[in-house]
Each structure stands twice: as C-alpha cells, then as structure tokens.
Amino acid sequence: MKLNDKAKNVIRAWLDITPAQKNIYYLNETFNFESNAIKNRIWMRGDPEELDEFYKQLPRDNSYFWAASPRIKIRKIHSGLPSLMVQVLTDIVIRDLNGIDVASRQLDWDEISKDNKFDEILRKAIKEALSIGDGAFKISFDTKLSKYPIIEFVPGDKVEIVYERGRFVECVFKTEYKHAQKRYVLYEHYGKGYIKNVLTEWGQNDPLPLDMIPQTAKLIDVAFAGYKLPDENGENEVMGRFAMAIPFKIKDSTKWENRGESIFDKKTSSFDGLDEIISQWADAVRAARTKQYIPDALIPRDPETGQMLQFNQYDDRFLMVEGNMQEKGKNQIDVTQPIIPSENYLQSYISFLDLCLQGIISPSTLGIDTKKMDNAEAQREKEKTTLYTRNIIIEAIQKTLPTLVNCVIKAYDEYTKQSSGDDVDVTVNFGEYASPSFEATVETVAKARPGKVIMSIEASVDEMYGDSKDDGWKAEEVKRLRVENGVMETQEPTINEFDELNGDVPAGDDYR
C-alpha cells in the first residue's frame, strides 16, 4: 500500500503544470495599410528602377535583393511576374462575364452602363483589388459630363472604409490638391444619405473652409434618401436608405481588420528571390563570354600608325599576353569560356516560381510549362488553382455588383426626382472556364451509368451537328434514327375514333 501511495504522489507531482506567465510582446510594423498599398503598387508597375529606389528608402536595413547596394555593379532584372498575374486573372474574369440582368430596370441600367463604360470600370476594380487589396465604387453627378450617374472606382490607398460593429458606415475618399505651393487633402465622407466634405492642409487635422482653394470652392454638403441631421446634442441622427459608395474587396486581410488583402501580400519575399536568381543567371551569362588570349605580336593594329586598335567589349573580346620567346615556343590564340551551371539556375528558378504562384494561379495559365506535361488531362489539373482563384473573384463580384447596381439606380431616381422603390433583382452571369470537353463529360457519365441511356436521340443529333444543319434536317434525321432503332410513330387517335373503336357510337355519326 505504501508503494502504491508513493507512486500516486509521484504522478500528481508530474502532472502539476505551472501555467505560463503573461507577457507583453512589442512588434514594430514596417508598413501600415497605405504604405503597404504603395509597395504593392510599385510591384505592380514593374519598373526595376522604382523597386531599387523604394527598397533602399526603407527605414530598417534588410537583406532584400532590391535593397542591396553591392560594391560591384550588377544588373538587377525584374521578372514582371506580379503584373502578369494580375493582368491574366483580370482578363479571365472579364472575358467570362456574360452580362448583368436587371429585372425591371434593364433599359435604364444599359444606358448608364454604356455611358460609363462599366466593363472598363469593373476591369480596373478587379485589377486594383487584386494588387492593392480593396477599394470602393463612387457614385456622383456632373451635368457637364453626363446626365447619368458617374461611376468611378477608387483604389484602397485613396479611401478609408469605416465600419461599426461589423456594419458599413461610410467611405472617406481622399483627394490631394496643390495650390499656392501648398498641398491640401479633401476628405469626402460618403455615408447613407449624405455626402460631407472636409478640407485640410496636408499633414494637419484642422478643417479649413472649402473656398480656401479654387478646386473645392463650389463643393457643398448633400443630404438625400431620407437623411436627417443630428440635433444640437449630436443625437437623433436618421440615416438614409442607401449610400453612394460601395466597398469592394476580394479577400479579407489578415493584418488590417475590415480591409482587403492583395495577392502580393506574403509573396513579396518570393518575388524578390526570383528576381535575384534571374539577375544572377544573367550576370553569369555575361561573365561567361568567350575570351581570347592573343599574343602581343598578333594584336590587331592600325596598318598606318601601328597603334593597337581601340578595344570594344562586344567586338574585340580578347586579353593581351606577352609573346612566347622560347626556342620552340609558338604564338597562338587561346580561346576559353567558363561553363554555366544552367541546370542549377533552372531548378532554383522553378522552385522560386512555384513559391510565387502557389495558391494563386497555375503556371500553365501564364504559358509556363515547368513539368513538361502536355496532355489535356494534365493541363486541366494544373488549371485547378487558377479556377479556385477565379471562383473567389467571381463570388466577390456577384456579392458586390447587385448592391452597386441598385445604388446607382436609386441615386438616378433620387436625382431625377423619381420615386425610389424597392431593390430590383440583379443577376450577374458568368460563363465556364477550363471545363472538360464534351467527349470527356460523356465518357465520365457513361462510366457512372453503364448500360443506361444518358442522352435522347434529339439531344444527340443537336449536339453532333449543331448549327451546321437546320432544324428541318435534324427532325428528319431523328425520324430516320428512330426507324432504324425499331421505333414506329403513329398518329394519336381522336376522341371520335376512340369511341368508334369501342362501339359507343355508330360509325360516321358526330360525337356530341
């Protein structure tokens, strides 16, 4: 018994876990949302000179390739991959957009969409949301430009999106102006039923009169859609029915609450490493040029003066050596060229390329075949990552565009003094992307239902001949196929014929 008690005490002591102490950890963010948006925009622009200047201005010393200042001059090459990823994903989504159906206001929306060139606005919105992180659609009126509402998309680095308890409150659009060698910032607060304008000097918080600069002198605050100002105590404010600003984002940010996330976030280190490998490869190719070692007696010289011809790095790639004056020596030209480890560079390139693209887009979508698999099934497998990203973008569009279309129509009705009714049904139609071929689909369904008829004769004929044959010819072909299959068509008897066959009425008498 004493031995058992001793064992129990040992186990109790071993299971007595002291809880961890509460500690406070301090982290210094390198970027806020705006500066991170600037960084992403520079990657999107794809100018190597801008990347080099930007990373060298970062406050902390880092080991990024673009921040390095080597003592030996090297050529820094940018792959252009970030911009290419955004352009291809945007084109895929826009190409598959089949249209926007607006139930009872289709004509009004068609006119507004045509006036604003909405396809281009949506293209810009997708591109900015993928690269910057988010943004907002802005609706305004300017009778000098159009009688319809003007739709703009403002990227996330020029707008602040305000939420309360997870609910959208307002968008604050920031516009910078210059006047009399000073910089000013106009803050346009677009909320539910109101537009409020606040002008400040750049870097200051104190509001200034709007007529301080000519660019904002004619701006006024606007209330609409049932909005009521708060009382003297700042209470009893009544919000309007809708706002003339709609936020748009594709992914939620993991760093900044209620903001969007760029596809470049968490990938910039991989982009930097890919550029370093490409630059190193190009530098190795340059250093591995063929070199000729020529004796002094064989150096090309001017026939008139005897002087050595001027050296050119690309035309005269040689090094001068002393002539061989030995008894059996010979003056000969030696040619050397280092071996470039291309396979090592290629493997490193493919590895970093996979890090840049994984989870976002397939290499085959960009025209890059890293696995050397050309059959159709392998291509569709590699396209799955692109399909997932495309579906995420389409879900964000289908969630935002109905709200935007309704707000545009309501704003138009409010501006033209028409009655603003209930929301209309809006459907955003998209086509298919990278779907299996018809032959592959039939084969798959046939395997799932062996021995079963999975398609009617009419559907088979229509699928096979399509628009190459008219409807009359297809109908005759269906009859021929039915006859060959033993299916005979007879005319369905009328009520009179049915009664005559049963003997209910005399033959030839009318049935009444």
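This is a predicted model, so every value here is computed, not measured. (Residues numbered from 1 in each chain as written. Predicted model: local features only at pLDDT ≥ 70, side-chain atom pairs only at ≥ 80, totals over all residues. Heavy atoms only, no water.)

Asks: Let's hear about the packing of aromatic side chains: which residues, and what values?
Replies: A complete count under the given rule lists 19 aromatic pairs for this structure. Measuring from centroid to centroid gives 5.1 Å for Y55 and Y64, while their planes differ by 35 degrees, and the two rings are tilted. A relative accessible area of 24% means that Y64 is categorised as partly exposed. Between Y148 and Y412, the aromatic rings sit 5.8 Å apart at their centres with planes inclined by 40 degrees, giving tilted as the arrangement. Residue Y148 is found in the loop between β2 (134–140) and β3 (150–155), and its partner Y412 is found in helix α10 (residues 384–415); the two are separated by 264 residues along the sequence. For Y412, a relative accessible area of 14% corresponds to the buried category. Clustering of aromatic rings is evident, with ring pairs tying together F31, W43, F54, Y55, Y64, F264 and F271. The aromatic ring of F173 is capped on one face by K138, whose charged end is 5.3 Å from the ring centroid. Positioned above the aromatic ring of W202, the side-chain terminus of R183 is 4.3 Å from the ring centre. (Phe/Tyr/Trp six-rings, centres within 6.5 Å; stacked < 30°, edge-to-face > 60°. Buried < 20%, exposed > 50% of the residue type's maximum accessible area, 1.4 Å probe, protein only. Helix = DSSP H or I, 4+ residues; strand = E, 2+ residues; numbered from the N terminus. Lys NZ or Arg CZ within 6 Å of the ring centre and 35° of its normal.)

Asks: Just give me the short version of the sheet that holds β3, but keep the residues and values in it.
Replies: Strand pairing in a sheet is mediated by backbone hydrogen bonds. Such pairs are either parallel or antiparallel. Taken in spatial order, the three strands of this open sheet run β3-β2-β10, and their pairing is antiparallel. This sheet does not close on itself; its edge strands, each paired only once, are β3 and β10 (245–249). Across the sheet, the mean angle from the axis of one strand to that of its neighbour is 25 degrees, orientation sign disregarded. As defined by bridge partners, β2 adjoins β10 across five bridges and the pair is classed as antiparallel. If you follow A136 over to β10, its bridge partner there is P247. Docked against the sheet, helix α6 (residues 118–131) engages β2, β3 and β10, running at close to 15 degrees with respect to β3. Here α10 sits on the sheet and contacts β2, β3 and β10; the angle it forms with β10, its principal contact strand, is near 170 degrees. (Pairing = 2+ DSSP bridges. Axes fitted to C-alpha atoms, helices over the stretch in contact; angles between N-to-C directions. Contact = heavy atoms within 4.5 Å.)

Asks: Account for the pattern of salt bridges, naming residues and giving values.
Replies: Should their charged atoms come close, side chains of opposite charge can pair. Applying the stated criterion to the full structure yields 21 salt bridges. Here E120 and R123 are joined by a salt bridge, their closest N and O atoms 4.0 Å apart. Here the residue E120 and the residue R123 both occupy positions in helix α6, the gap between them amounting to three residues, near one helical turn. Here E120 falls in the partly exposed class, since its relative accessible area comes to 49%. Residue class for R123 comes out partly exposed when judged on its relative accessible area of 24%. Where E414 meets R241, a salt bridge forms, and the shortest distance between an N and an O atom there is 3.4 Å. With E414 in helix α10 and R241 in the loop between β9 (222–223) and β10, this pair connects stretches of sequence that are 173 residues apart. Salt bridges sharing common partners tie together E34, E160 and K174. (Salt bridge = Lys/Arg side-chain N within 4 Å of Asp/Glu carboxyl O.)

Asks: Describe the environment of D101, with residues and values.
Replies: Tracing the backbone shows D101 in strand β1 (residues 97–102). When the C-alpha positions of D101 and D425 are compared, they lie 8.1 Å apart, and in sequence the two are 324 residues distant. Among residues more than four places away in sequence, those in contact with D101 are Q106, D425, V426, T427 and N429. Within polar-contact distance, the side chain of D101 engages the side chain of N429 at 2.7 Å. (Polar contact = N/O pair within 3.5 Å; in protein donor to acceptor, adjacent residues only side chain to side chain.)

Asks: If you had to explain the environment of R41 to someone new, which residues and values would you point to?
Replies: Position of R41 relative to the elements: it lies in helix α2 (residues 33–45). Its relative accessible area of 26% is what places R41 among the partly exposed residues. C-alpha of R41 to C-alpha of S131: the two residues are 90 residues apart in sequence and 6.8 Å apart in space. A distance of 3.4 Å separates the side chain of R41 from the side chain of D157, its partner in a polar contact.

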